[in-house]
Amino acid sequence: AAPSTEQAAPAPAPTADAAAGGSAQGTDVVLPALGESVTEGTVTRWLKSVGDSVEEDEPLLEVSTDKVDTEIPAPASGTLLEIVVGEDETAEVGAKLAVIGAAGAAPAAAPAAAPAPAPAPAAAPAAPAAAQPVDDGAYVTPLVRKLAAENGVDLSTVKGTGVGGRIRKQDVAAAAEAAKAAAPAPAAAPAAPAAKKAPVLEASPLRGQTVKMPRIRKVIGDNMVKALHEQAQLSSVVEVDVTRLMKLRARAKDAFAAREGVKLSPMPFFVKAAAQALKAHAPVNAKINEAEGTITYFDTENIGIAVDSEKGLMTPVIKNAGDLNLAGIAKATADLAGKVRASKISPDELAGATFTISNTGSRGALFDTIIVPPGQVAILGIGATVKRPAVIETEDGPVIGVRDMTYLTLSYDHRLVDGADAARYLTAVKAILEAGEFEVELGL
């Protein structure tokens, strides 16, 4: 909404202000209706601080609901006098979130304006002219306002066809097309993206040399060749929206590090989800005993984690990962990776894996066709998490938003694991990660 910015208005003027959330001290920023079934929202981030100047329709804060995450624009220009609902706090639809006063107003001095009538007349005449809301108090999304601004469309002249007369982007597009016949508007030149600088690469000291193959490199190579020769390997891939998970991590990482003594990387979430899904999908957590002609389905989840070190790729094992919480997994991961890089890992800590996870995305790879290690029937690869536009299903229909997306690849031995088994397992892991129900373990 775009309510009146009038500060010194007398009592007879509540009609426009009341509809839009105005007050004697300034303009109230209220939580708009963001869907028919949405009754409340959580403030995830304030984009402005008290005392900052704001422009009308400028993104003011970010709100998360059970349907969608969105930005709330400033209903008026001026100074942010007060924030009523802080970050991570929840408010009902229609509740006051903040107060915007006249430009340059001091937050602490706002109540003192009434007994000082002398300076008021000089500033008062300028405010009423730009005070009226352009859309009669109806909530207009930042996308619609941006589209209207780009096409030179006056929202006060547009009749909304959405629920409750809400102006949709289709209405703005139709108004823009109708206006082109009379006065075609020149297209605004898009801002040129910032040029990226190429990295400075140093020549490898190995260039032009012939050296003896290190023992660990030979062992890794022999194992991979053995696995490829003995197994019928192939891979399946799913795409996962981890936006909620990344937001949870961002909220909890500082308190988690202070409480547990280790950093909260995304890896423990993936290990937790993978181990949880293994309990329900036994063929993926198994071993083929070729000599005996039998199959062993493990009753524990010993997760190997691939760690890149100067000596080569090593895979220490988180024992009984299926029984650990996020803190336990994070501590075990940090401890084992530290030992590998310090060359202090023991043979026992490298043995006994029933399933392996390789975080190929830590170096920027989108996904990998990883090789299943000997003695196992599957390995999970985690790709890089990148921001991409994606279709989000909401109560009002599908919308496009910027989301944190990643690929999960499951390579598996087709002698035991069928494509349907792989798809069911990947779908289970995807569902756990996208639900992101880790608040209790994170203390949120």
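Residues numbered from 1 in each chain as written. Predicted model: local features only at pLDDT ≥ 70, side-chain atom pairs only at ≥ 80, totals over all residues. Heavy atoms only, no water.

Draft legend 1. Spatial organisation of the overall build of the protein. Per the secondary structure count, the protein includes eleven helices and 20 strands. A burial count over the protein gives 37% of its 444 residues as buried. Sequence separation of at least 24 residues holds for 62% of the intrachain contacts in the protein that already meet a minimum separation of 6. A total of about 24300 Å² of accessible surface is found on the protein, and carbon and sulfur atoms cover 56% of it. (Helix = DSSP H or I, 4+ residues; strand = E, 2+ residues; numbered from the N terminus. Buried < 20%, exposed > 50% of the residue type's maximum accessible area, 1.4 Å probe, protein only. Contact = heavy atoms within 4.5 Å. Areas by Shrake-Rupley, 256 points an atom, 1.4 Å probe, with all protein chains shown as cover.)

Draft legend 2. Layout of the pattern of salt bridges. Considering all chains together, one arrives at 19 salt bridges under this definition. A salt bridge links D241 to R403, with the shortest nitrogen-to-oxygen separation between them at 2.9 Å. Here D241, found in strand β10 (residues 233–241), pairs with R403, found in strand β20 (residues 397–413); they are 162 residues apart in sequence, far enough to count as distant. Like D241, the residue R403 is buried in the burial classification. Across the salt bridge formed by D421 and R424, the nearest N and O atoms sit 2.9 Å from each other. Of the two residues, D421 and R424 are both situated in helix α10 (residues 419–435); the distance of three residues between them amounts to about one turn of the helix. Residue class for R424 comes out partly exposed when judged on its relative accessible area of 46%. Sharing partners across several salt bridges, the network here consists of R259, E260 and K331. (Salt bridge = Lys/Arg side-chain N within 4 Å of Asp/Glu carboxyl O.)

Draft legend 3. Seen up close, the packing of helix α8 (residues 267–278) against α10. Where α8 meets α10, the axes come as close as 9 Å, and the angle between the chain directions of the two elements is 135°. Taken together, the axes of α8 and α10 lie oblique to each other. Read as a crossing pair, α8 and α10 show a hand that is right-handed. Residue-level contacts link F269, F270, A273, A274, Q276, A277 and L278 of α8 to Y425, A428, V429, I432 and L433 of α10. Residue classes in the contact of α8 with α10 are distributed as eleven nonpolar, one polar and no charged. (Axes fitted to C-alpha atoms, helices over the stretch in contact; angles between N-to-C directions. Parallel < 35°, antiparallel > 145°, perpendicular 65-115°, else oblique. Left-handed = near helix turned anticlockwise from the far one by under 90°. Nonpolar A, V, L, I, M, F, W, Y, C, P; charged D, E, K, R; others polar.)

Draft legend 4. Here's a closer look at the nonpolar core. Membership of the largest hydrophobic core comes to 54 residues, with the highest contact counts inside it found for F355, I357, L408, L410, Y425 and L442. Among the elements that make up this core, the one with the highest residue count is α8 (nine residues). Ignoring any residue separated from it by four or fewer positions in sequence, one finds L410 in contact with L234, S235, S236, F355, A378, I379, L380, A422, Y425 and L426. Among the nonpolar cores identified, the runner-up in size contains 17 residues, and V43, L60, I72 and A74 belong to it. (Core = buried A, V, L, I, M, F, W, Y, C linked by side-chain atoms within 4.5 Å.)

Draft legend 5. Structural detail: a nonpolar patch on the surface. Together, V237, L366 and F367 make up an exposed nonpolar region whose accessible area comes to about 260 Å². Position of F367 relative to the elements: it lies in the loop between β17 (355–358) and β18 (378–382). (Patch = residues over 30% accessible without salt bridge, like charges linked within 9 Å, V, L, I, M, F, W, Y side chains within 5 Å.)

Draft legend 6. Local environment of the environment of S49. Here S49 is to be found in the loop between β3 (40–46) and β4 (53–54). Sequence-wise, S49 and L81 are 32 residues apart; in three dimensions their C-alpha atoms are separated by 8.9 Å.

Draft legend 7. Up close: α8. Along its twelve residues, α8 runs 17 Å from first to last C-alpha, staying within 8% of the 16 Å computed at 1.5 Å per residue. Counting buried positions along α8 gives eleven out of twelve residues, so the element sits mostly inside the fold. The set of residues buried in α8 consists of M267, P268, F269, F270, V271, K272, A273, A274, A275, A277 and L278. (Expected span 1.5 Å × (residues − 1).)

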